[in-house]
Amino acid sequence: MTDYIMDNAAQGVEALKQKISQAQLPQDVQEKLINSLRFPGTGVEFEKIVSYVEFVLGLPFNKSSQDILDINRAKQILDKNHYGLGVVKDRILEYLSVLILNSKNANSEAFHAPILAFIGLVGTGKTSIAYSIAESLGRPIVRIPFGGMGDPRQLRGVSRVQPEAEPGQIMKALKNTGVNNPVILLDEIDRVAEEGRVNIMGVLVELLDPQQNHAFVDHYLDFPFDLSKVMFIATANNTGSIATAVMDRIEPIEMPAYSDEEKVVIGKNFLLQKAIKEAGIPDKMIVIDETLWPQIIRPLGFDAGIRSLDRTVQGMIRKIAREIVEGKQGPFRITVENLARYLPS
């Protein structure tokens, strides 16, 4: 039985060596993988080596997505996905314009764009606008939530000598997207746990600094990986708990609170239509009296964002969906007389 296990391990090692030789890897990485197979062991130890090699082979060392460099298209996407926010959109379009010019200039030195950081209250559109930037460029996007993060190893990875060894979220994001230039959204970087704040901010500095991120070392990989092509975008509710060194490396863009007038437009033209579509209800089946929107957008008082408004609209549509399933015929008109029945309690 022991000889059989050893034979299987030897065959597995040879198969991995062949994969390594066929992959287009940097020379130092190829040598590191080959060296890791010199004493692969058996059983669990061998499985760990296999997992490590397979993970590295899946990293996009040389594969990039092709950017869509069209400023008019970017403007259309921003307008389609976000109402208002004129100043914010202008800042984004200026940022993309510089990116486009540098991408088209063959003589331009390596361009290091500033890290955009959207700062604002909950529901003001920080996360969704990052997705719109990725959509406008045609890049895949991965969100890494920082809320409650207390261990920098979640970003940096855990060494393979540790029992809980695994790659960090940055390298996992690159492997999952399959390209070396995705958009990585560092979401709510101000909400990390206090006990890990100093160390996590230190990793953030390395990620966001173009002088350092071209050789980012994940402890699981144990070799430097070039992150200079990644577009990092950060969000935060406020900047009070963000380290000064991180602030020095980002370009904060304040997300304004929505006015009641803007919320009415967003509720009628975006959130209501989205909720109806998601519920599978036919168009024009639901009509809401115009005069009711002030009560719909402020059922619980003032809210800077539109998240609570979205929940309210979703709740109203779900109540109508139930009535349809229970056999009630439409169309459904929400009036001052029946509004209380449809508003979520």
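Residues numbered from 1 in each chain as written. Predicted model: local features only at pLDDT ≥ 70, side-chain atom pairs only at ≥ 80, totals over all residues. Heavy atoms only, no water.

Draft legend 1. How the structure looks around the packing of helix α2 (residues 27-36) against helix α3 (residues 43-57). Look at α2 against α3: their axes get within 10 Å of each other, and the N-to-C directions meet at 165°. Of the possible angle classes, the one that applies to α2 and α3 is roughly antiparallel. Here the hand of the crossing between α2 and α3 comes out left-handed. Here α2 contributes V29, K32, L33 and S36 to the contact with α3, which in turn contributes I49, Y52, V53, V56 and L57. (Axes fitted to C-alpha atoms, helices over the stretch in contact; angles between N-to-C directions. Helix = DSSP H or I, 4+ residues; strand = E, 2+ residues; numbered from the N terminus. Parallel < 35°, antiparallel > 145°, perpendicular 65-115°, else oblique. Left-handed = near helix turned anticlockwise from the far one by under 90°. Contact = heavy atoms within 4.5 Å.)

Draft legend 2. Examining the side chain of D289 more closely. Within the element layout of this structure, D289 appears in the loop between β8 (286-288) and α12 (293-297). Taking relative accessible area as the criterion, D289 reaches 17% and is therefore assigned buried. Setting aside anything within four residues of it in sequence, one finds D289 in contact with R333, I334, T335 and V336. (Buried < 20%, exposed > 50% of the residue type's maximum accessible area, 1.4 Å probe, protein only.)

Draft legend 3. Region of the structure containing α3. Between its first and last C-alpha atoms α3 spans 21 Å; for 15 residues at 1.5 Å apiece the expected length is 21 Å, and the two agree. Among the residues making up α3, those that are buried are F46, I49, Y52, V53, F55 and V56. (Expected span 1.5 Å × (residues − 1).)

Draft legend 4. Local environment of unusual backbone geometry. Cis geometry is found at the peptide bond from G330 to P331, where omega equals -5°. Structurally, P331 is set in the loop between α13 (307-325) and β9 (332-334). One non-glycine residue with positive phi stands out, namely L85, at about 55°. The topology assignment puts L85 in the loop between α4 (71-81) and α5 (86-104).

Draft legend 5. Representation of the environment of I49 within the structure. As for its position among the elements, I49 is in helix α3. Looking at I49, the relative accessible area reads 14%, which means it is buried. Separated by twelve residues in sequence, I49 and L37 have C-alpha atoms that sit 7.3 Å apart.

Draft legend 6. Focus on the pattern of salt bridges. What the rule picks out here adds up to 21 salt bridges. Of the charged contacts in the structure, one is a salt bridge between E251 and R91, with a shortest N-O distance of 2.9 Å. Here E251, found in strand β7 (residues 250-254), pairs with R91, found in helix α5; they are 160 residues apart in sequence, far enough to count as distant. Look at E251 and you get partly exposed, because its relative accessible area is 26%. By relative accessible area, which is 29% here, R91 ends up partly exposed. The shortest N-O distance in the salt bridge between R341 and E323 comes to 3.8 Å. Of this pair, R341 sits in helix α14 (residues 339-342) while E323 is found in helix α13, placing the two residues 18 residues apart along the sequence. Overall, the relative accessible area of 15% leaves E323 in the buried class. Because the salt bridges share partners, they merge into one network encompassing K75, D79 and K89. (Salt bridge = Lys/Arg side-chain N within 4 Å of Asp/Glu carboxyl O.)

Draft legend 7. Up close: the sheet that holds strand β2 (residues 141-145). Read from one edge of the open sheet, five strands run β2-β3-β6-β1-β7, paired in parallel fashion. With partners counted over all chains shown, the strands left at the sheet margins are β2 and β7, one partner each. Across the sheet, the mean angle from the axis of one strand to that of its neighbour is 25°, orientation sign disregarded. Pairing analysis gives five bridges linking strand β1 (residues 115-119) to β7, with the strands arranged parallel. Bridge pairing in β7 links A117 to P252. Taken strand by strand, helix α8 (residues 169-177) contacts β2, β3 (183-187) and β6 (231-236), and its axis lies near 155° from that of β2. (Pairing = 2+ DSSP bridges.)

Draft legend 8. Representation of the pairing of β3. A large share of β3 lies buried, amounting to five of its five residues. With burial as the criterion, each face of β3 is covered, one bearing V183, L185 and D187 and the other bearing I184 and L186. Examined bridge by bridge, β2 and β3 share five bridges and lie parallel to one another. Bridging across to β3, I141 finds its partner in V183. The pairing of β3 with β6 spans four bridges and is classified as parallel. Residue pairing for β6: V183 is matched across the bridge by M231.

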